[in-house]
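The chain contents come next:
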Amino acid sequence: MSQGSPRDGFFRHVAQTSDAPLGLEITDADGVFLRTRDGREIIDFISGIAVSSLGHGHPEVVRAVQEQAARHMHVMVYGEFIQRPQSALAARLASLLPDTLDRIYFVNSGTEANEAALKLAKKHTRRHRFVAFRNGYHGDTQGSLSVTGRDVYRTPYEPLLPDVTFCDFNDPAVKELITGDVAAVILEPIQGEGGIIASDPHWLAAVRKRCTETGTLLIFDEIQSGFGRTGRLFAFEHYGIVPDILTMAKAMGGGMPLGGLASSSDIFRAFMFDPPLSHVTTFGGHPVSCAAAEAALRVLMRDGLMERAPEIERKAREILCGKGIVEVRGRGAMLGLQLTDAETTRKVVTHCLEKHGILLGWTLHSNTLVRLAPPLIIDQTLLEQTLLTIRDAVSRVAEDL
Ligand code: PMP
């Protein structure tokens, strides 16, 4: 077994998921900056993909982690012992959510939140069909992948869950698909990996109405859009439409792994009986992650960071126009910069990182869209400078092609 540098270990022993890893060797990160072993300072303009909304290593989150780690770490599988960080976080979240979402089940990640939501919907409704959307993304475990709407990722793993029907996002035809034998409709109010596509408010209202009429549960996956990224705590608040189950993760833990689903006591009863312990997880709601999440939520609310999201959107729309730019899409600090083609997009992302130390990225289902998701704490000057640099990079690349 070879034991060389971290670089060796990474390239020789860490399993890779692409043949072109960025391979930046991170030594530390704080605020909007990532620092590398070769002395580069990189602006994280995607927040570790919608995670580090408070910036990296927020001091209050770090303190909460240290204090809780010193007090106790794992003690018991979720839900059997009273653990202060879980209870406090659940109560705080419930106070910020509608009354029908006043219970939270904690897990470790986004995909686990969706797994639990799909199982809960099945057990509560005693139905097994699902309706999901093309270009939706819900995670990579088998249940979440079953409702993820992109064949290229699904096909290698088939057979997946049977009885999932896909519809185009924002297509009114979905109403005919939501029938009395459908357990749940799962969707992102703003599709993230699909290319930052917002749902139409009238369409979403029609989906809600049809679900209520047919006793079908409506699951909103706000794993990417939650925790202030769009300017409200959750994106559904922009629409005035409340789901039956809300899934969350990513920014929730302030940089620690944590996910959850919120629903009503009535719906969650399905996990308690026939049989008891119908769904459990050893590490879900880890006390250190919950302590971090509680601190992150406190900072988010206290410091008015969500108010930064519409400002970030306004500046992005103002600055990002001109040669090579098709449009800026999305809401708040969950934005996409639509370019003309895949080659330009690849070159812009590479150029921004190599020449300007700005980390951007694609979304999973679109190679012509640059993801923009800066930390909400980014200061105005750096925000404007970065956006101007991106605009200039697009126009330079577009001219060269
Ligand atoms: N749902 C959405 C909307 C997501 O954006 C993601 C992650 N990109 C997931 C689910 C999966 O989350 P995780 O990677 O934590 O499993």
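Bear in mind the structure is a predicted one, so any value in this text is a computation, not a measurement.

J.: Residues and numbers for the packing of helix H14 (residues 342–356) against helix H15 (residues 380–400), please.
T.: Packing of H14 against H15 leaves a shortest axis separation of 9 Å and a crossing angle of 130 degrees. Taken as axis vectors, H14 and H15 run oblique relative to one another. Judged by the sense of rotation from one axis to the other, the crossing of H14 with H15 is right-handed. Seen from H14, the contacting residues are Thr344, Lys347, Val348, His351, Cys352 and His356; seen from H15, they are Thr389, Ile390, Ala393, Val394, Arg396 and Val397. Tallied by class, residues from the contact of H14 with H15 come to 6 nonpolar, 4 polar and 2 charged.

J.: Which residues make up the sheet that holds strand S17 (residues 366–372), and what are the values?
T.: Two pairing modes exist for strands in a sheet, parallel and antiparallel, and in both the strands are linked by backbone hydrogen bonds. Ordered by their spatial adjacency, 4 strands build an open sheet running S13-S14-S17-S16, and the pairing between neighbours is antiparallel. Either end of the sheet is taken by a strand with one partner, and the two such strands are strand S13 (325–331) and strand S16 (361–363). Taken over all neighbouring pairs, the strand axes of this sheet differ in orientation by 40 degrees on average, direction set aside. Taken together, the 4 bridges between strand S14 (residues 334–339) and S17 define a ladder with antiparallel strand orientation. For Leu337, the partnering residue across the bridge sits in S17 and is Val370. Sheet strands touched by H14: S14, S16 and S17. Its angle to S17, the strand with the most contacts, is close to 35 degrees.

J.: Lay out the domain arrangement of the protein chain with the relevant residues and their values.
T.: By domain assignment, the protein chain separates into domain 1 (6–57 + 304–400) and domain 2 (72–302). Each of domain 1 and domain 2 was reduced to a C-alpha centroid, and the two centroids are 27 Å apart. Roughly 2500 Å² is buried in total at the junction of domain 1 and domain 2, and carbon and sulfur atoms are behind 62% of that figure. Broken down residue by residue, the surface that domain 1 buries against domain 2 is led by Met306, Met334 and His365, which jointly contribute 33%. Scanning the region where domain 1 abuts domain 2 turns up 1 salt bridge. Across the pair Glu193 and Arg371 runs a salt bridge, and its minimum N-O distance is 2.9 Å. On inspection of domain 1 and its partner domain 2, the count reaches 20 residue pairs in polar contact (both at pLDDT 80 or more). The residue makeup of the side of domain 1 that touches domain 2, split by class, is 17 nonpolar, 9 polar and 3 charged.

What counts and what doesn't
Residues numbered from 1 in each chain as written. Predicted model: local features only at pLDDT ≥ 70, side-chain atom pairs only at ≥ 80, totals over all residues. Heavy atoms only, no water. Axes fitted to C-alpha atoms, helices over the stretch in contact; angles between N-to-C directions. Helix = DSSP H or I, 4+ residues; strand = E, 2+ residues; numbered from the N terminus. Parallel < 35°, antiparallel > 145°, perpendicular 65-115°, else oblique. Left-handed = near helix turned anticlockwise from the far one by under 90°. Contact = heavy atoms within 4.5 Å. Nonpolar A, V, L, I, M, F, W, Y, C, P; charged D, E, K, R; others polar. Pairing = 2+ DSSP bridges. Domains from an automatic or database assignment. Buried area = accessible area lost by both parts, 1.4 Å probe. Salt bridge = Lys/Arg side-chain N within 4 Å of Asp/Glu carboxyl O. Polar contact = N/O pair within 3.5 Å; in protein donor to acceptor, adjacent residues only side chain to side chain.

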